[in-house]
Amino acid sequence: MSLLVVGLSHRSAPVSVLERASLAADTQAKLLQDTLAAEPATEAAVLATCNRIELYADVDKFHAGVAELSTLLAQHSGVGLDELTPYLYVHYEDRAVHHLFSVACGLDSMVVGEGQILGQIKDALARGQELHTAGRLLNDLFQQALRVGKRAHSETGIDRAGQSLVSFGLQQLAAGADPGLWAQGKRALVIGAGSMSSLAAATLARTGVAEIVVANRTRSRAERLVEILQQGDDTTVRAHAVEMSAVGDELTRADIVVSCTGSTGLVLTADALADALGVTLDAPAEAPAVTAIPAPADVDQHAAWVENGSATSAPEAPRRVRLPAQSTGPVRLALLDLAMPRDIDGAAHRIDGVRLVDIESLADASADAPMAADVDQVRTIVADEVAAFGAAQRAAHVAPTVVALRTMAADVVAGEIARLDGRLPDLDEKQRAEITQTVRRVVDKLLHAPTVRVKQLASEPGGAGYADALRELFDLDPQTVAAVSRADLNDPNRGRS
């Protein structure tokens with residue numbers, strides 16, 4: 001079996017495509033179940049964030065796996081396969097491991113070095129475990145990715161290479177001013193009470209806003225977030241919760257709005273924002289020319305890219321269409337939309353006095369951000385960890401065969417001692433024990449060198465074949481080897497860190 005990932009992200013697809021392809025929680029669960037029902041896959045996990053959607057699977061057929069995973073992503077995202085295919089990338093085996101480890105370290109994030117991705121990887125693993133779609137390979141992979149990400153953040157200065165998406169968004173809203181001075185004394189409205197909204201609220205509180213209002217569909221969650229904010233030792237911010245129905249009134253008093261909900265439709269329309277500010281929505285500017293969408297690539301082409309080693313991603317996505325320039329007048333309302341799909345109408349940029357920063361504009365602003373020297377150190381860590389993970393997986397592949405071989409040897413010894421008892425029934429217990437120990441010692445010495453050596457060889461590239469050789473040479477029962485593997489996988493202590 002082999003690791004395969006098929007996905008799309010802010011690096012391969014325009015935000016408009018990512019927005020349409022976003023997966024709700026129940027859709028992710030159905031995608032996982034359908035992936036396991038598909039013939040090529042035995043394990044599956046979904047990593048879905050605001051700027052990436054990736055389907056990981058353990059497959060036994062590469063070409064069939066690429067085709068099946070691509071089709072499933074298209075079916076569950078609601079974006080047609082022909083339209084989705086040009087934006088998909090494929091990673092296989094060690095390259096797939098390298099990709100996830102890089103993602104865990106923040107190297108593939110919109111803002112390099114952001115740490116929130118670790119929580120999202122943890123959630124993806126928990127979902128796979130809860131639905132029983134993550135088996136030995138994906139459990140090991142995602143747990144190791146979490147360890148690699150934590151190591152990168154603790155051993156290097158990768159955090160300095162970028163900022164969290166929230167902090168970077170506030171910096172963009174401040175338009176060159178110090179975010180702390182810019183936010184000082186302002187009134188903020190946070191819409192949503194999930195992980196990203198909670199991070200936004202905490203960041204705003206530390207930045208120095210005077211008051212935070214939290215609106216959420218479930219009032220109790222909003223109140224819980226308010227309670228957390230007020231318990232913080234590093235802030236004295238005033239905070240209270242409101243119903244979602246009160247958002248319109250709160251807009252009239254807010255200076256900053258941060259929105260990140262799981263809604264599939266707009267939470268704030270341009271008309272609602274214009275009404276809150278008491279202004280008229282300007283007529284739309286002349287529509288910009290639409291960038292041509294490249295012709296769909298055949299799914300098999302992805303396989304060719306991977307097999308040839310020439311590339312691991314789809315063709316470069318067309319450059320994003322930038323929105324017309326925002327008003328240069330004084331900003332009365334600063335909007336930060338961190339949702340995918342978007343919560344705030346993109347037409348809000350036409351409202352006089354409104355400044356809007358969303359996922360798309362954050363991607364544009366961070367595309368040319370300078371890379372810190374620590375990034376090279378993180379890349380070295382990732383390369384080392386990928387090699388170590390591959391070696392461990394190859395060694396684990398041969399371990400059940402070694403155990404099965406030793407079990408067979410023990411059975412042979414037991415059988416021969418039983419025969420000896422029949423032939424020499426007058427042996428006393430001491431003599432019988434000495435003979436048994438001697439035979440076991442001989443067998444152990446004969447097996448020691450080859451089993452130790454096969455474990456060493458199996459950890460090297462191409463070493464998976466040594467397990468097959470052992471099974472053939474000693475005529476081991478495949479069912480016995482499989483039973484050892486299942487017992488190891490069901491060990492409750494396995495994989496705990």
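Residues numbered from 1 in each chain as written. Predicted model: local features only at pLDDT ≥ 70, side-chain atom pairs only at ≥ 80, totals over all residues. Heavy atoms only, no water.

(A) Structural view of the sheet that holds strand E10 (residues 354-358). The sheet built from 6 strands is open, its strands ordered E7-E6-E5-E8-E9-E10 with parallel pairing. The two strands at the open ends of the sheet, each matched to only one other strand, are strand E7 (238-243) and E10. Within the sheet, the average angular offset between the axes of one strand and its neighbour, ignoring direction, is 15 degrees. Taken together, the 4 bridges between strand E8 (residues 256-259) and strand E9 (residues 333-337) define a ladder with parallel strand orientation. Following the sheet pairing, valine 257 is matched in E9 by leucine 335. Lying on the sheet, helix H12 (residues 219-231) is in contact with strand E6 (211-216) and E7; it crosses E7 at an angle near 180 degrees. (Pairing = 2+ DSSP bridges. Helix = DSSP H or I, 4+ residues; strand = E, 2+ residues; numbered from the N terminus. Axes fitted to C-alpha atoms, helices over the stretch in contact; angles between N-to-C directions. Contact = heavy atoms within 4.5 Å.)

(B) Representation of the pairing of E8. Burial along E8 is two-sided: the face carrying Ile256 and Val258 and the face carrying Val257 and Ser259 are both buried. One ladder, built from 4 bridges, connects strand E5 (residues 187-191) with E8; its direction is parallel. Residue pairing for E8: valine 190 is matched across the bridge by valine 258. (Buried < 20%, exposed > 50% of the residue type's maximum accessible area, 1.4 Å probe, protein only.)

(C) Region of the structure containing the layout of surface pockets. The calculated volume of the largest pocket comes to roughly 1,100 Å³. When contributions to the lining of the largest pocket are tallied by element, the ones reaching two or more residues are helix H2 (25-37), strand E2 (41-49), helix H6 (116-130) and helix H11 (195-207). Looking at the lining of the largest pocket, the element that brings in the most residues is H6, giving 5 residues. Looking at the lining of the largest pocket, its residues break down into 16 nonpolar, 14 polar and 4 charged. (1 Å grid on protein atoms, 1.4 Å probe; cavity = no way out; pocket = protein on both sides within 12 Å on 5 of 7 lines; lining within 4 Å. Points joined across faces, edges and corners; volume = space filled by probe spheres on them. Nonpolar A, V, L, I, M, F, W, Y, C, P; charged D, E, K, R; others polar.)

(D) Inspection of the packing of helix H5 (residues 94-104) against helix H7 (residues 136-155) at higher detail. Between H5 and H7, the shortest axis-to-axis distance is 8 Å and the interhelical angle comes to 45 degrees. In terms of orientation, H5 and H7 fall into the oblique class. The hand of the H5/H7 crossing is right-handed. Contacts between H5 and H7 pair Val97, Leu100, Phe101 and Ala104 from the former with Leu141, Phe142, Gln144, Ala145, Val148, Gly149 and His153 from the latter. Looking at the contact of H5 with H7, its residues break down into 8 nonpolar, 3 polar and no charged. (Parallel < 35°, antiparallel > 145°, perpendicular 65-115°, else oblique. Left-handed = near helix turned anticlockwise from the far one by under 90°.)

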